[in-house]
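Residues per chain are reported as follows:
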Amino acid sequence: MRVLLAILIVLGPLAGLAADINPQRAKFHYQMHCEGCHTPDGTGAMSVPRMKDQVGLFLETQSGRDYLVRVPGSAISALNDEQLAEVLNWILVEMGGDSVAADFEPYTANEVGDLRVEPLNEVERYRSQLLLEIAEQRSRQAN
Amino acid sequence: MKIIDRLFERKARSLAQHSSRRSMLRGLGGFLVGASALPLLPVAREASAQTGPTTPQEEGDQTSCDYWRYCAIDGFLCSCCGGTANSCPPGTEMSPITWIGTCRNPVDGRNYVISYNDCCGKSGCGSCLCQRDEGDRPIYRSDKTNDVNWCLGTTSSTYHCSSAIVVGLAFDNK
């Protein structure tokens, strides 16, 4: 019984996270609304940023976390709040690789709904600035 | 070596005295029940979620505009230009950036996700112009319009023809 309890304690949070994602539905929405530019595995191309193994970096700061929702491809997509939250969580789990912490806090529909009302107008400079801030934060934490 | 022998002997005896086969079964049972929870993990679930056929049964002529995969196409069919519905003609490059729609396969009645990757690098093929446009949206929905040149991410932005690749099964809400 103790062993079972221990296993459930360890796996419980992961199972809870997965329960909020319907992988088939999330993948379909990714294909219909994101994949055309971000490519099937999130590698991206040309000026389309790479998400694969990197997208989790943005969760390291609050403004970075907000950015993944406020970026126009997310904010003004035809997906509703629940669908967008699910796709974002699916992208982080499926494509984030080591850039996403195992215990990351998944997006909720309410959070996404609040953030997407302010879509970004200028993205590239904003994104560069965010990455700079994340790098500086890492540097401070390392020292 | 004797020290190691004695150490192992002591440990083995201690284990035998303080545990039972029942406790081993209990531990093993707990492990198996726990392991059964593993498919709930995101990656495993994703892998097992691909229940639909990856290459659907299909029929029809790939060089005909009526072919089921072309329901949302707008361009020259690569099948008529030295390529196929899945591949670009020699001397052209497939754009990694593309527009995506869904088409119903009449053979199994299911909807599939179709990626209309353009083939780029040579001037327009000129054969088998096909414009069916199902699901096409005005240009202000730039991700859902086929009225733009999708030769993006390729060496050349010159459009030659369009492919129609099945990339998955559409999600059915029912």
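Structural notes, computed from the coordinates. (Residues numbered from 1 in each chain as written. Chains lettered and ligands numbered in written order. Predicted model: local features only at pLDDT ≥ 70, side-chain atom pairs only at ≥ 80, totals over all residues. Heavy atoms only, no water.)

### Some points on the overall build of chain B
Part 1 of the argument: Along the backbone of chain B there are 3 helices and 8 strands.
Part 2 of the argument: Listing every helix and strand of chain B by position from the N terminus yields α-α-α-β-β-β-β-β-β-β-β.
Part 3 of the argument: Going through the 174 residues of chain B one by one, you find that 37% of them count as buried.
Part 4 of the argument: Entry remark: accessible area of chain B is about 10,200 Å², with carbon and sulfur atoms responsible for 55%. (Helix = DSSP H or I, 4+ residues; strand = E, 2+ residues; numbered from the N terminus. Buried < 20%, exposed > 50% of the residue type's maximum accessible area, 1.4 Å probe, protein only. Areas by Shrake-Rupley, 256 points an atom, 1.4 Å probe, with all protein chains shown as cover.)

### Concerning the layout of surface pockets
Residue and element names in this part refer to chain A.
Part 1 of the argument: Approximately 1,200 Å³ is the volume found for the largest pocket.
Part 2 of the argument: Lining the largest pocket we find 42 residues, and of these C37, H38, P72, G73 and S74 sit closest to its centre.
Part 3 of the argument: The dominant element in the lining of the largest pocket, judged by the number of residues it contributes, is helix 6 (residues 81-95), at 4 residues.
Part 4 of the argument: Tallied by class, the residues present in the lining of the largest pocket amount to 26 nonpolar, 10 polar and 6 charged. (1 Å grid on protein atoms, 1.4 Å probe; cavity = no way out; pocket = protein on both sides within 12 Å on 5 of 7 lines; lining within 4 Å. Points joined across faces, edges and corners; volume = space filled by probe spheres on them. Nonpolar A, V, L, I, M, F, W, Y, C, P; charged D, E, K, R; others polar.)

### Here's the deal with the nonpolar core
Part 1 of the argument: Of all hydrophobic cores here, the largest spans 28 residues; its most connected members are Y30(A), L68(A), I91(A) and Y107(A).
Part 2 of the argument: Elements with a contribution of two residues or more to this core: helix 2 (23-33), helix 4 (62-70), helix 6, helix 7 (109-115) and helix 8 (124-142) of chain A.
Part 3 of the argument: Here this core takes 8 residues from helix 6 of chain A, the largest share from any one element.
Part 4 of the argument: I91(A) has contacts with Y30(A), M51(A), V55(A) and G96(A), leaving out every residue within four places of it along the chain.
Part 5 of the argument: Judged by nonpolar contacts, the second largest core, of 20 residues, contains V48(A), C71(B), I114(B) and Y116(B). (Core = buried A, V, L, I, M, F, W, Y, C linked by side-chain atoms within 4.5 Å. Contact = heavy atoms within 4.5 Å.)

### Details of unusual backbone geometry
All names here are of chain A.
Part 1 of the argument: Here the phi dihedral of T39 falls at roughly 70°; this positive angle occurs in a residue that is not glycine.
Part 2 of the argument: Position of T39 among the secondary structure elements: in the loop between helix 3 (35-38) and helix 4.
Part 3 of the argument: Judged by its relative accessible area of 6%, T39 is buried.
Part 4 of the argument: In this model, M46 sits at a positive phi of 50°, which is unusual for a non-glycine residue.

### Re the packing of aromatic side chains
Residues and elements named next belong to chain A.
Part 1 of the argument: Inspection of every chain in the model, using the stated rule, returns 7 aromatic pairs over all chains.
Part 2 of the argument: Each ring, one from Y30 and one from W90, has its centre 5.5 Å from the other, and the planes form 45°; the classification is tilted. Taken together, the positions of Y30 in helix 2 and W90 in helix 6 put the pair 60 residues apart, joining distant regions of the chain.
Part 3 of the argument: For the ring pair Y67 and Y126, a centre distance of 6.1 Å and an interplane angle of 25° mean the geometry is stacked. Highlighted residues: Y67 in helix 4 and Y126 in helix 8, separated in sequence by 59 residues.
Part 4 of the argument: The exposure class assigned to Y126 is partly exposed, which follows from its relative accessible area of 28%.
Part 5 of the argument: Chaining the aromatic ring pairs together yields one cluster made of F58, Y67 and Y126. (Phe/Tyr/Trp six-rings, centres within 6.5 Å; stacked < 30°, edge-to-face > 60°.)

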